[in-house]
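Now for the letters of each chain:
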Amino acid sequence: MDERYYTVSPEQAEIKAKYPSVTKKHEYLDHTADVQLHAWGDTLEEAFEQCAMAMFGYMTDIETVEPLDTVEVETEGDDMISLLFHFLDDWLYKFSADQFFIPREVKVLHIDRMSFKIRSIGWGEEFNLSKHPQGTEVKAITYSAMQIHEEEKPEVYVIIDI
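Everything quoted here is computed from the prediction, not taken from an experiment.

Caption draft 1: Summary view of the overall build of the chain. Helices and strands together make up the secondary structure of the chain, namely 3 helices and 8 strands. Reading the helices (α) and strands (β) of the chain from amino to carboxyl end gives α-β-β-α-β-α-β-β-β-β-β. Over its C-alpha trace the chain gives a radius of gyration of 15 Å, about what one expects of a compact globule, namely 15 Å for 162 residues. When each of the 162 residues of the chain is scored for burial, the buried share is 51%. Of the contacts formed within the chain by residues at least 6 apart in sequence, a portion of 68% connects residues at least 24 apart. Surface summary for the chain: the accessible area is close to 8200 Å², and the carbon and sulfur share equals 47%. Distance from the positive charge centre (14 side chains) to the negative charge centre (33 side chains) of the chain: 4 Å.

Set out below in structure tokens:
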């Protein structure tokens, strides 16, 4: 399934109409009991951004999210795979445990490939069921079948537990 479809209220449609469409370079691949995210970009930074947006796009129609607030996330890992894992896990924490923050957009400001660190920022608001259509809850990020490819076009694969 390439795109999630949500029932959007007139109020949500009004918010969507206020902002330009969000660039989507990701898809959802069928996986037993879970969902595999496949994201890509012109750079590895963009592929990571798109993976985060695919995760949030599974939870709600991100185009109904208004960019009213910003949240910065700094992430560390032991290698590139753990960096991707922790990047997504840190953003999921901002949503599910910390601030109920749902971004309309996530931007990776810098990936330090030597010390495995990422600085990122997201623009969005607090998740609100009366404002944002409910999709499927993401319970956790998994290491299962996680892949990062940089040969031709940067792309990543991540399985999320739903």
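Caption draft 2: Local environment of the sheet that holds strand 4 (residues 101-112). The strand order 3-5-4 describes an open sheet built from 3 strands, whose pairing is antiparallel. The open sheet terminates on both sides in strands that have one partner only, identified here as strand 3 (69-76) and strand 4. Across the sheet, the mean angle separating the axes of adjacent strands is 20 degrees when strand polarity is ignored. Its contacts with the sheet put helix 2 (residues 44-59) on strand 4 and strand 5 (117-126), and the angle it makes with strand 4 is roughly 160 degrees. Running over the sheet, helix 3 (residues 80-98) touches strand 3, strand 4 and strand 5 and is turned about 145 degrees from strand 3.

Caption draft 3: Just helix 3, in detail. In this model, helix 3 (19 residues) spans 25 Å end to end at C-alpha, consistent with the 27 Å of a helix rising 1.5 Å per residue. Largest kink in helix 3: about 30 degrees, centred on Leu 92. Here helix 3 has its buried residues at Met 80, Ser 82, Leu 83, Leu 84, Phe 85, Phe 87, Leu 88, Trp 91, Leu 92, Lys 94 and Phe 95. The residue sitting at the N-terminus of helix 3 and contributing the capping side-chain oxygen is Asp 79; that oxygen lies 3.2 Å from the backbone nitrogen of Ile 81. Positive backbone phi, approximately 55 degrees, marks Phe 100, located one or two places after helix 3.

Caption draft 4: Region of the structure containing the side chain of Arg 104. Topologically, Arg 104 is positioned in strand 4. Here Arg 104 occupies a buried position and makes no salt bridge, while the nearest side chain of opposite charge, Glu 63, is found at 5.3 Å. Reaching out from Arg 104, the side chain makes a polar contact with the backbone oxygen of Pro 20 at a distance of 2.8 Å. Among the polar contacts made by the side chain of Arg 104, one reaches the main-chain carbonyl oxygen of Glu 63 at a distance of 2.9 Å. Beyond its immediate stretch of four places on either side in the chain, Arg 104 contacts Tyr 19, Pro 20, Val 22, Met 53, Ile 62, Glu 63, Thr 64, Val 65, Pro 67, Trp 123 and Gly 124.

What counts and what doesn't
- Residues numbered from 1 in each chain as written.
- Predicted model: local features only at pLDDT ≥ 70, side-chain atom pairs only at ≥ 80, totals over all residues.
- Heavy atoms only, no water.
- Helix = DSSP H or I, 4+ residues; strand = E, 2+ residues; numbered from the N terminus.
- Rg over C-alpha atoms; globule rule 2.2 N^0.38 Å.
- Buried < 20%, exposed > 50% of the residue type's maximum accessible area, 1.4 Å probe, protein only.
- Contact = heavy atoms within 4.5 Å.
- Areas by Shrake-Rupley, 256 points an atom, 1.4 Å probe, with all protein chains shown as cover.
- Lys, Arg positive; Asp, Glu negative; His and termini not counted.
- Charge placed at Lys NZ, Arg CZ, Asp CG, Glu CD.
- Pairing = 2+ DSSP bridges.
- Axes fitted to C-alpha atoms, helices over the stretch in contact; angles between N-to-C directions.
- Expected span 1.5 Å × (residues − 1).
- Bend = angle between axes of the 7 residues up to and from the residue.
- Polar contact = N/O pair within 3.5 Å; in protein donor to acceptor, adjacent residues only side chain to side chain.
- Salt bridge = Lys/Arg side-chain N within 4 Å of Asp/Glu carboxyl O.

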